[in-house]
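Results of the structural survey
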Amino acid sequence: MCRGMPWGLAITLIVSFCAVAQSPPTATAGKLAEGAAPVTVVCLGDSVTGIYYHTGGRRAYPEMLEIGLKRLYPEAEVHVVNAGISGNTTTDGLNRMEADVLAHKPDLVTVMFALNDMTRVPMETFRENLKTIAQRCRERGAEVILCTPNSVYETPNRPIAMLETYVKAIRAEAHALAAPLADCYAAYEAVHNRDALEWAMLMSEDIHPNMLGHKVDAEVIAATIAGRPVSLRDVAPLEPAIPRTVALVTAGTPVRVYAMPPFDALVGPALERVQAGARVEVTPWPIEGKTLSAIEQEAKQVRELKPDLVLVTVPVAAVEGTKEQFIRSYSWVLNWSLSFGVQEWDCVAAAPFAADPNLAPEAAPWDALTREIVFASDLGCVDRVPGDTRPVAEIFDAWLEGQFKPAEIAAE
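What to know about the sheet that holds strand E8 (residues 309–312)
The sheet built from 5 strands is open, its strands ordered E7-E6-E8-E9-E10 with parallel pairing. What marks the edges here is a single partner per strand, and that holds for strand E7 (280–284) and strand E10 (380–382). Taken over all neighbouring pairs, the strand axes of this sheet differ in orientation by 25° on average, direction set aside. Across 3 bridges, strand E9 (residues 346–350) lies against E10 in parallel orientation. By the bridge assignment, Val348 is partnered in E10 with Gly380.

Examining the pairing of strand E4 (residues 143–148)
The buried fraction of E4 amounts to 6 of the 6 residues, a majority that puts the element mostly inside the structure. Of the two faces of E4, the one carrying Glu143, Ile145 and Cys147 and the one carrying Val144, Leu146 and Thr148 are both buried. Relative to E4, strand E3 (residues 108–112) runs parallel, the two being bridged by 5 bridges. Across the sheet, Thr110 pairs through a bridge with Ile145, a residue of E4.

Focus: helix H8 (residues 160–177)
Quick reminder: α-helices carry 3.6 residues per turn. Residues three or four places apart thus point the same way. For H8, with 18 residues, the first-to-last C-alpha span of 26 Å sits near the 26 Å given by 1.5 Å per residue. Every buried residue of H8 is accounted for by Leu163, Tyr166, Val167, Ala169, Ile170, Glu173, Ala174 and Leu177. Viewed along the axis of H8, the buried residues span an arc of 155°, placing them on a single side of the element. Residues of H8 that are exposed and point over 90 degrees away from its buried face: Ala161, Lys168, His175 and Ala176. As for H8, its buried residues are in contact with helix H6 (117–120), helix H7 (123–139), E4, strand E5 (181–183) and helix H9 (184–194). Just downstream of H8, Ala178 is the residue with a positive phi angle, here 55°.

Describing unusual backbone geometry
In this model, Glu239 is joined to Pro240 through a cis peptide bond whose omega is 0°. Inspection of the secondary structure assignment puts Pro240 in the loop between helix H11 (211–226) and helix H12 (243–251). For the bond from Pro261 to Pro262, the omega torsion is 5°, close enough to zero to count as cis. Mapping Pro262 onto the fold places it in the loop between strand E6 (255–259) and helix H13 (263–274). Residues other than glycine seldom take positive phi values, yet Lys306 does so here, at roughly 50°. Take Lys306: it is sitting in the loop between helix H15 (302–305) and E8. Residue Asp378 is not a glycine yet carries a positive backbone phi of 65°. By the element assignment, Asp378 lies in the loop between helix H18 (364–376) and E10.

As for the packing of aromatic side chains
Under the criterion given, the structure shown has 11 aromatic pairs. On the basis of an interplanar angle of 65° and a centroid distance of 4.7 Å, the ring pair of Tyr153 and Trp199 is categorised as edge-to-face. Of this pair, Tyr153 sits in the loop between E4 and H8 while Trp199 is found in helix H10 (residues 196–200), placing the two residues 46 residues apart along the sequence. Of the two residues, Tyr153 and Trp199, neither departs from the other in class, the shared state being buried.

Focus on the environment of Ile287
Turning to its location among the elements, Ile287 is positioned in the loop between E7 and helix H14 (292–298). What makes Ile287 buried here is its relative accessible area of 5%. Residues Ile287 and Asp46, 241 residues apart in the sequence, show an inter-C-alpha distance of 35 Å. If near-sequence neighbours (up to four positions away) are discounted, Ile287 is found in contact with Met260, Pro261, Ile295, Thr313 and Pro315.

Describing the confidence of the model for the chain
Mean pLDDT for the chain: 93, with 93% of residues reaching 70 or above. The low-confidence segment residues 4–21, where pLDDT is below 50, has 51 contacts with residues more than four positions distant or belonging to other chains. Counted against residues more than four places away or in other chains, residues 408–412, with its pLDDT under 50, gives 0 contacts.

A word on the packing of H9 against H11
It is the contact of H9 with H11, at a shortest axis distance of 9 Å, that shows an interaxial angle of 130°. Between H9 and H11, the angle falls in the class oblique. In the packing of H9 onto H11, the handedness of the crossing is right-handed. From H9, Cys184, Ala187 and Tyr188 reach across to H11, where they touch Gly213, His214, Val216, Asp217, Val220 and Ile221. By residue class, the composition of the contact of H9 with H11 is 6 nonpolar, 2 polar and 1 charged.

The rules behind the values
- Residues numbered from 1 in each chain as written.
- Predicted model: local features only at pLDDT ≥ 70, side-chain atom pairs only at ≥ 80, totals over all residues.
- Heavy atoms only, no water.
- Pairing = 2+ DSSP bridges.
- Helix = DSSP H or I, 4+ residues; strand = E, 2+ residues; numbered from the N terminus.
- Axes fitted to C-alpha atoms, helices over the stretch in contact; angles between N-to-C directions.
- Buried < 20%, exposed > 50% of the residue type's maximum accessible area, 1.4 Å probe, protein only.
- Expected span 1.5 Å × (residues − 1).
- Arc of directions from axis to C-beta.
- Contact = heavy atoms within 4.5 Å.
- Phe/Tyr/Trp six-rings, centres within 6.5 Å; stacked < 30°, edge-to-face > 60°.
- pLDDT = per-residue confidence, 0-100.
- Parallel < 35°, antiparallel > 145°, perpendicular 65-115°, else oblique.
- Left-handed = near helix turned anticlockwise from the far one by under 90°.
- Nonpolar A, V, L, I, M, F, W, Y, C, P; charged D, E, K, R; others polar.

See the structure below:
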């Protein structure tokens with residue numbers, strides 16, 4: 001995992017968000033507090049709810065919500081079901097209510113739509129769909145929370161002014177239905193109004209939030225359920241960071257790697273040292289002399305290659321433009337380096353300092369920003385601590401050995 005983030009975004013930023021969503025405890029909070037029976041929560045929504053590239057491809061805000069509820073109610077047995085599907089609208093959500101929501105016999109259903117509805121579902125239909133979803137849940141004994149989505153960058157397909165009309169409609173329907181409201185949009189906009197760069201650090205690209213943003217969603221929803229805040233700022237990326245690679249190497253199956261230097265030359269020997277006889281097929285990703293925007297365009301080919309492991313090491317020399325431009329371009333390099341849906345291959349990034357312990361002082365802010373973006377994307381990070389001057393090969397070897405230790409423990 002990357003070292004702590006110098007700006008302190010993951011430490012100080014998220015803790016203030018729950019103030020936006022304070023409300024009396026829900027009926028589900030009473031069940032969680034009693035702990036007498038398991039509690040099931042289903043999160044219904046679109047790609048923001050589902051597990052896709054923009055959060056590292058392994059979990060999203062529903063999974064973070066489960067962590068948050070377990071922190072708030074450590075004695076409770078709680079299970080959160082992710083029922084988010086890319087491209088869905090409230091109409092699609094209605095069509096799959098029985099199979100994807102009600103079949104789980106939920107105690108509580110969270111409903112988050114709008115980003116697709118605003119492009120093809122008329123407002124009147126949108127509001128009627130929200131009512132029907134809530135009614136069907138309540139008929140089966142489930143409590144309902146309506147959630148506003150995250151805010152977005154202005155794009156032709158999703159003008160912010162239009163999105164805000166759908167957000168207002170969600171708020172109005174929550175009031176009309178006497179349903180709790182998790183106002184995630186307000187939480188994002190509170191950050192945006194305070195500092196646009198901090199808001200940019202919540203976004204994976206134009207529309208979708210990264211994992212740091214998903215923690216905001218989860219904190220707001222958890223606070224709406226419990227009537228009190230919870231912090232998820234310290235939840236680290238999952239370990240091992242490269243589960244597919246570990247499984248393939250352990251099974252003696254060839255591993256296809258797409259790697260930027262210097263790891264294109266290091267990964268094969270390193271895996272062989274960790275697992276004797278490991279078979280590694282490396283395709284170099286040459287980046288020397290290229291700008292970050294050029295690397296971003298090249299990253300679009302990764303999904304066609306379908307590797308087992310991608311190693312991203314963007315050098316400081318590739319930096320161009322403002323910090324916001326760097327955040328957006330670097331995030332897209334990571335996004336394109338992952339499969340679209342649930343992670344089909346591993347993706348890991350390395351901080352510039354990991355590859356070169358002799359970075360110039362002026363490179364330090366970009367090195368730190370790289371760590372922040374990787375952490376916000378919920379991805380593994382090859383790094384070194386200050387004062388560690390070992391060769392990068394030794395740093396990488398030690399990191400890889402740590403990745404295989406959980407598998408060794410599980411096998412014992």
